[in-house]
Amino acid sequence: MNDMTAQNLRSAYGGESQAHMRYKAWGDKALKDGFPTVATLFSAISYAEEIHAKGHFRLLKDVKGDFLVASGAGFGIGTTSENLQGAANGELFEVNQMYPAYVAVAEAQGEKSAANLMKGIIEAEKTHADLYLKAKENTDAGKDADFTNIHVCEVCGYASYGEMVDKCPICSASKEKFRVFK
């Protein structure tokens, strides 16, 4: 694997891993603040970020050794509304800036598997940002999110709520490959 693509995958792995843990902490805060459905949403998206991190790690299976991993990460625990906005901002950064740049490098270096993985992640991160912003609208009005049947594709990290899809709109995985969060 080309060094620059490998470096970008390590950075993305670090960022996704940190988002996974940050969303767990923010979910705990949402539960304490009286927003159990928002807490469930944070848990679901935390799981999706874990899926993304594992995808990067698998692509790096032949790149062995210790590396310094630089990645952006939000810190601090604010109100549930602030945490939802911070989560949405992080997802939108990945969608609009980070992953498009990483995809361009991977494509330029002929790293098709890396480019395809990250293109799918961009689409999944869009669903995360949308869910966070919808939940923020509710919390800003003093209400919990009105999501039911929050579900995440175990293959690509696509997230939605409500009626289960027959197959993932991003990776075409069957509905049996979805994890439901309640």
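Since this is a predicted model, take the numbers as computed values, not measurements. (Residues numbered from 1 in each chain as written. Predicted model: local features only at pLDDT ≥ 70, side-chain atom pairs only at ≥ 80, totals over all residues. Heavy atoms only, no water.)

Draft legend 1. Seen up close, unusual backbone geometry. Of note in the backbone geometry, Asn-149 takes a positive phi value of approximately 55° without being a glycine. Phi at Ser-172 takes a positive value of approximately 70°, unusual for a residue other than glycine. Its place among the elements puts Ser-172 in the loop between β2 (159–160) and β3 (178–181). (Helix = DSSP H or I, 4+ residues; strand = E, 2+ residues; numbered from the N terminus.)

Draft legend 2. Inspection of the nonpolar core at higher detail. Among the nonpolar cores identified, the biggest contains 26 residues, and Tyr-23, Val-38, Leu-41, Phe-42, Tyr-132 and Val-152 are the most heavily contacted of them. When contributions to this core are tallied by element, the ones reaching two or more residues are α1 (3–32), α2 (36–59), α3 (80–108), α4 (112–140) and β1 (150–153). If we skip the residues at most four places from it in the chain, Leu-41 touches Leu-131, Tyr-132, Ala-135, Phe-147 and Ile-150. Core analysis: the second largest hydrophobic core is formed by 15 residues, Ala-6, Leu-9, Ala-12 and Ala-114 among them. (Core = buried A, V, L, I, M, F, W, Y, C linked by side-chain atoms within 4.5 Å. Buried < 20%, exposed > 50% of the residue type's maximum accessible area, 1.4 Å probe, protein only. Contact = heavy atoms within 4.5 Å.)

Draft legend 3. Seen up close, the packing of aromatic side chains. All chains considered together, the criterion is met by 10 aromatic pairs. A ring pair is formed by Tyr-23 and Trp-26, whose centres lie 6.2 Å apart and whose planes are at 35°; its orientation type is tilted. Placement of both Tyr-23 and Trp-26 in helix α1 is noted, with a separation of three residues, approximately one turn of the helix. According to the relative accessible area criterion, Tyr-23 is buried, its value standing at 2%. The class for Trp-26 is buried, based on a relative accessible area of 5%. (Phe/Tyr/Trp six-rings, centres within 6.5 Å; stacked < 30°, edge-to-face > 60°.)

Draft legend 4. Seen up close, the packing of α3 against α4. Two elements in contact, α3 and α4, have axes whose closest approach is 8 Å; the angle formed by their N-to-C orientations is 165°. Between α3 and α4, the angle falls in the class roughly antiparallel. Pair α3 / α4 crosses with left-handed handedness. Taken together, the residues of the contact of α3 with α4 sort by class into 19 nonpolar, five polar and eight charged. (Axes fitted to C-alpha atoms, helices over the stretch in contact; angles between N-to-C directions. Parallel < 35°, antiparallel > 145°, perpendicular 65-115°, else oblique. Left-handed = near helix turned anticlockwise from the far one by under 90°. Nonpolar A, V, L, I, M, F, W, Y, C, P; charged D, E, K, R; others polar.)

Note that every value here comes from positions in space, so none of it alone points to a role or purpose.
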